[in-house]
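The chain contents come next:
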Amino acid sequence: MTTPTVTTSSLTIRSIIKKEKLSGPNFLDWFRQLRIVLKHEKKDYVLDEPIPRELPANAPKASKDARAKRVNDSTEAACIMLATMTPELQKTFEFHEAFEMIEKLRVKFQIQAKQERFETLNAFIGCEMAEGSYVGTHVLKMKAYVEQLARLGFPFGDELATDVILASLPKSFNQFVMNFTMNEWERTINELHYMLKNAEANIKKSGNNPVLMIREGQISKKKKAKLPRKAREVERVKESLLLLTQLLNQSLLLTLIAFTAMKRDTGSITVTNT
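Just so you know, these numbers come straight off a predicted model, no measurement behind them.

What counts and what doesn't
Residues numbered from 1 in each chain as written. Predicted model: local features only at pLDDT ≥ 70, side-chain atom pairs only at ≥ 80, totals over all residues. Heavy atoms only, no water. Helix = DSSP H or I, 4+ residues; strand = E, 2+ residues; numbered from the N terminus. Buried < 20%, exposed > 50% of the residue type's maximum accessible area, 1.4 Å probe, protein only. Contact = heavy atoms within 4.5 Å. Areas by Shrake-Rupley, 256 points an atom, 1.4 Å probe, with all protein chains shown as cover. Salt bridge = Lys/Arg side-chain N within 4 Å of Asp/Glu carboxyl O. Patch = residues over 30% accessible without salt bridge, like charges linked within 9 Å, V, L, I, M, F, W, Y side chains within 5 Å. Lys, Arg positive; Asp, Glu negative; His and termini not counted. Charge placed at Lys NZ, Arg CZ, Asp CG, Glu CD. Polar contact = N/O pair within 3.5 Å; in protein donor to acceptor, adjacent residues only side chain to side chain. Axes fitted to C-alpha atoms, helices over the stretch in contact; angles between N-to-C directions. Parallel < 35°, antiparallel > 145°, perpendicular 65-115°, else oblique. Left-handed = near helix turned anticlockwise from the far one by under 90°. Nonpolar A, V, L, I, M, F, W, Y, C, P; charged D, E, K, R; others polar.

Okay, the overall build of the protein chain next. When you go through the protein chain residue by residue, the secondary structure sums to 11 helices and two strands. For the protein chain, the α and β elements follow one another from N to C terminus as α-α-α-α-α-α-α-α-α-α-β-β-α. Evaluated residue by residue, the protein chain yields a buried proportion of 29% over its 274 residues. Partitioning the intrachain contacts of the protein chain with sequence separation of at least 6 by distance along the chain shows that 58% fall at a separation of at least 24. Summed over its atoms, the accessible surface of the protein chain is roughly 19100 Å², and 57% of this surface lies on carbon and sulfur atoms.

Below you can see the structure in the form of structure tokens.
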């Protein structure tokens, strides 16, 4: 059996995980760096599946060689993992193979993983694109959240992810969002990214950009391009519903104020049946 060789490139990439030993709270950062190192050495697969059982004596040579390679890669990965842990953790996992070790570490530090998942999901749902910023940058940021959630065991399908991204866009993309939803298009995030960049270019050409511009100390609102009839009807319905909601809120507030004042003046309210 040949002794595995460690190249200068491998030593360089391994240095990133030696900067900070695994102590517990830093598990997710440590695991991310471990993945990078093992992926570079084409050994990251040992973290995803356990070593197969011992093969019978009459098993094909190719199967035996494949298992022997997996054992060697797992042993090397386990040594890298142990070398980057605190002494306390080394004592606990000294005799574990790589897959078993990472599974037990996940359970041991799952609270931190859940916290990161919550924070990432909260950031993803709450992320909104500012009017006038670049849609490409925004979509890439949203895509990074989706990928991070998938790594944390909470994958989003393309349909749900695109819905969240569309809901995060500013008003200047209302026409695009309406067309997208009415046509029931199904796109991946990458495809949506391409479509939105084209839409952004068209919006800039048509001047449909409600960003406030400051010119010579004066604030003016750029004139919106005329929307199609159907879109104008939708906008009028939206504005009517918003106005109705505001009026209802004001009515309820005035009623509450009057009721509070009456109660303060009379000390009590008596309801009589007529």
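Back to the write-up after that little detour.
Tallied over the full model, the rule gives 11 salt bridges. Residue arginine 32 pairs with glutamate 116 through a salt bridge whose shortest N-O separation is 3.2 Å. Separated by 84 residues along the polypeptide, arginine 32 in helix H2 (residues 27-40) and glutamate 116 in helix H6 (residues 110-126) bring together distant segments of the chain. A relative accessible area of 32% places arginine 32 in the partly exposed class. Glutamate 41 is the salt-bridge partner of lysine 43, the closest N and O atoms lying 3.9 Å from each other. Connected through salt bridges with shared partners, the residues Asp29, Arg32 and Glu116 form a single ionic network.

Now for a negative patch on the surface. A cluster of like negative charges, contributed by Glu159, Asp163, Glu184 and Glu186, occupies part of the molecular surface. Counting through the fold element by element, glutamate 184 comes out in the loop between helix H9 (174-182) and helix H10 (189-206). For glutamate 184, a relative accessible area of 66% corresponds to the exposed category.

Turning next to the side chain of lysine 43. On the secondary structure map, lysine 43 appears in the loop between H2 and helix H3 (61-83). Setting aside anything within four residues of it in sequence, one finds lysine 43 in contact with Leu38, Asp73 and Glu76.

A separate point is unusual backbone geometry. Despite not being glycine, lysine 42 has its phi angle at roughly 60°, a positive value. Of note, lysine 42 is situated in the loop between H2 and H3. Of the residues examined, lysine 42 reaches a relative accessible area of 65% and is grouped as exposed.

The next thing to look at is the environment of leucine 152. Its location among the elements puts leucine 152 in the loop between helix H7 (135-151) and helix H8 (158-167). Taking the C-alpha atoms as reference points, leucine 152 and leucine 28, separated by 124 residues in sequence, lie 9.3 Å from one another. With sequence-adjacent residues up to four places away left out, leucine 152 is seen in contact with Leu28, Ala113, Glu116, Arg117 and Thr120.

Listing the buried residues of H9 in full gives Phe176, Met178 and Phe180. Glutamate 184 sits one or two residues past H9 and shows a positive phi near 55°.

With respect to the helices and strands, serine 74 occurs in helix H3. A polar atom in the side chain of serine 74 sits 3.4 Å from the backbone nitrogen of alanine 98. For serine 74, the contacting residues outside a window of four places in its chain are Val46, Ile51, Glu97 and Ala98.

A few words now on the packing of H2 against helix H5 (residues 98-108). Packing of H2 against H5 brings their axes to within 11 Å, and their N-to-C directions diverge by 155°. Considering the angle they form, H2 stands roughly antiparallel to H5. Considering only the axes of H2 and H5, their crossing is left-handed. Listed contacts from H5 to Phe27, Trp30, Phe31, Leu34 and Arg35 of H2 are Ile102, Leu105 and Arg106. A class-by-class count of the residues in the contact of H2 with H5 yields six nonpolar, no polar and two charged.

Next up on the list: the environment of valine 164. On the secondary structure map, valine 164 appears in helix H8. Valine 164 sits in the buried class, given a relative accessible area of 14%. Residue contacts for valine 164: discarding those within four places in its chain leaves Phe124, Ile125, Met142 and Phe156.

Everything listed here is a matter of geometry and, on its own, says nothing about what the molecule does.
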